[in-house]
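Read off the chains here:
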Amino acid sequence: MRKVRTYNEVQHSTGSQLLEQVLELQDRLAARLSSIGTVVAIASGKGGVGKSAVTANLAAALAMRGRSVGAVDADLNGPSLGRMLGVSGMSLSDGPDGVGPPQGVQGVRVMSMELLQEAEDAPLGWRAPDFGKFTWRSTLETGVLREFLADVVWGELDFLLIDVPPGTDKIERLLELIPDLDQALLVTTPSEATRFVVSKSLRLVQEAGVGVVGLVANMTEHECPQCGHRSSLFESGGAERLAAESGVPLWASIPFDPRLGASTDLGEPLVIKEPEAPASRAILALADRVDAAAKAGADTE
Ligand SMILES: Nc1ncnc2c1ncn2[C@@H]1O[C@H](COP(=O)(O)OP(=O)(O)O)[C@@H](O)[C@H]1O
Ligand SMILES: [Mg+2]
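Residues numbered from 1 in each chain as written. Chains lettered and ligands numbered in written order. Predicted model: local features only at pLDDT ≥ 70, side-chain atom pairs only at ≥ 80, totals over all residues.

**Comments concerning the site of ligand 1**
Item 1. Lining the immediate surroundings of ligand 1 are 20 residues, of which Gly50, Lys51, Ser52, Ala53 and Gly261 lie closest.
Item 2. Elements with a contribution of two residues or more to the shell around ligand 1: helix H2 (51-64), strand E8 (212-223), strand E10 (250-256) and helix H8 (258-265).
Item 3. Element by element, the count of residues in the shell around ligand 1 is highest for H8, at five residues.
Item 4. Taken together, the residues of the shell around ligand 1 break down into eight nonpolar, nine polar and three charged. (Near = placed C-beta within 6 Å. Helix = DSSP H or I, 4+ residues; strand = E, 2+ residues; numbered from the N terminus. Nonpolar A, V, L, I, M, F, W, Y, C, P; charged D, E, K, R; others polar.)

Structure (structure tokens):
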């Protein structure tokens, strides 16, 4: 079998000082994260389940509770978090210590690929050597994410939320950058197709030893605006099954509410606009759980 050596196994000096460079980058990331209380990844594995909407509303909810919050949009190809937190069109500032992130709703500091692109409809392209472009791609993407974390002047934060794009590989990459991730929230819808994918992500974060893992069921039911009748959007109770099989607690069940999508997508998370709506109440309760787990983690350190 072919043996692949890791950087740490390379004992001799590499001509390019590759090992030294990688270690220096890791040190810089660790130094930046040391002024952040709790790092929370919001992931799923699946797309379109509401990761970004949950991240935006959770960021706003934690900020409404008086916490200082930053949010990283790790979805480089389909950035959504910037607009949901109201920083679209804002500028990054440039300083000796790194890039200053703009502040969106409730003072949440946001970093997103959207802030680096001029045209709204520009798809993300990568400048890489012409030969074998595909070999550079994941290296470049991981490099950008590391810069979003390490080269942004986050300052002292209680929480840094990371909106992780679909694909379990993206969760894996994040864990390589932040092996001691404090919390992972896995967003699922009740559907069987989603349960199947999220179960893989769940196992990944459990096996990686992430300290706190919580499930978030989104789009669980819908209340008819005319008659108030509540109906399930999906037949299968995928989130409950995931919770029962994995022992991971279900931290929130967020109903489908067209107002949540409409206002969040336009830069006003529903928790701010209508904190009494059932969907907002579920996310505010989620914020309390995240906050309590962070406090418990800090107490045992
Ligand atoms: N509970 C909900 N009720 C109504 N709309 C929702 C809900 N959750 C998410 N949405 C909307 O559904 C769309 C997809 O959600 P999004 O957060 O972008 O998914 P993801 O980040 O997982 O791909 C967005 O327009 C979002 O605002
Ligand atoms: Mg998204």
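**What to know about the pairing of strand E2 (residues 69-73)**
Item 1. Of all the five residues making up E2, five are buried; the element is thus mostly covered by neighbouring parts of the structure.
Item 2. Sheet topology places E2 next to strand E6 (residues 157-163); five bridges connect them, and they run parallel. Residue pairing in the sheet places Ala71 in a bridge with Leu161 of E6.
Item 3. As defined by bridge partners, E2 adjoins strand E5 (residues 109-111) across three bridges and the pair is classed as parallel. Bridging across to E5, Gly70 finds its partner in Arg109. (Buried ≥ 20, exposed ≤ 12 C-beta atoms within 10 Å, placed from the backbone. Pairing = 2+ DSSP bridges.)

**A few points about the nonpolar core**
Item 1. The biggest cluster of nonpolar side chains holds 71 residues, and the ones touching the most others in it are Ala59, Val216 and Ile283.
Item 2. Other than its neighbours up to four places away in sequence, Ile283 contacts Val54, Asn57, Leu58, Ala61, Ala252, Ile254 and Val271. (Core = buried A, V, L, I, M, F, W, Y, C linked by C-beta atoms within 7 Å. Contact = placed C-beta atoms within 7 Å.)

**As for helix H6 (residues 192-207)**
Item 1. Its 16 residues give H6 an end-to-end C-alpha distance of 23 Å, which sits within 8% of 22 Å, the value for a rise of 1.5 Å per residue.
Item 2. Those residues of H6 lying buried are Thr194, Arg195, Val198, Ser201, Leu202 and Val205.
Item 3. Where the residues of H6 are buried, they touch strand E1 (36-43), helix H5 (168-177), strand E7 (183-188), E8 and helix H7 (238-246). (Expected span 1.5 Å × (residues − 1).)

**Section: the pairing of E8**
Item 1. Where burial is concerned, most of E8 is hidden: nine out of the 12 residues are buried.
Item 2. Alignment of E7 against E8, held across six bridges, turns out to be parallel. Across the sheet, Leu185 pairs through a bridge with Gly214, a residue of E8.
Item 3. In this structure, E8 lies alongside strand E9 (residues 230-232), joined through three bridges in antiparallel fashion. The partner of Glu221 across the bridge, within E9, is Ser232.
Item 4. Linkage of E8 to E9, two consecutive antiparallel strands, is achieved through a turn of six residues, within which Gly228 is found at a positive phi near 80°.

**Focus: H5**
Item 1. Of the residues making up H5, those classed as buried are Thr168, Lys170, Ile171 and Leu174. One side of H5 carries all its buried residues, which in axial view fall inside an arc of 155°. Turned more than 90 degrees from where H5 packs its buried face, Asp169 and Glu176 sit exposed.
Item 2. Tucked inside the fold, the buried residues of H5 contact E1, E6 and H6. (Arc of directions from axis to C-beta.)

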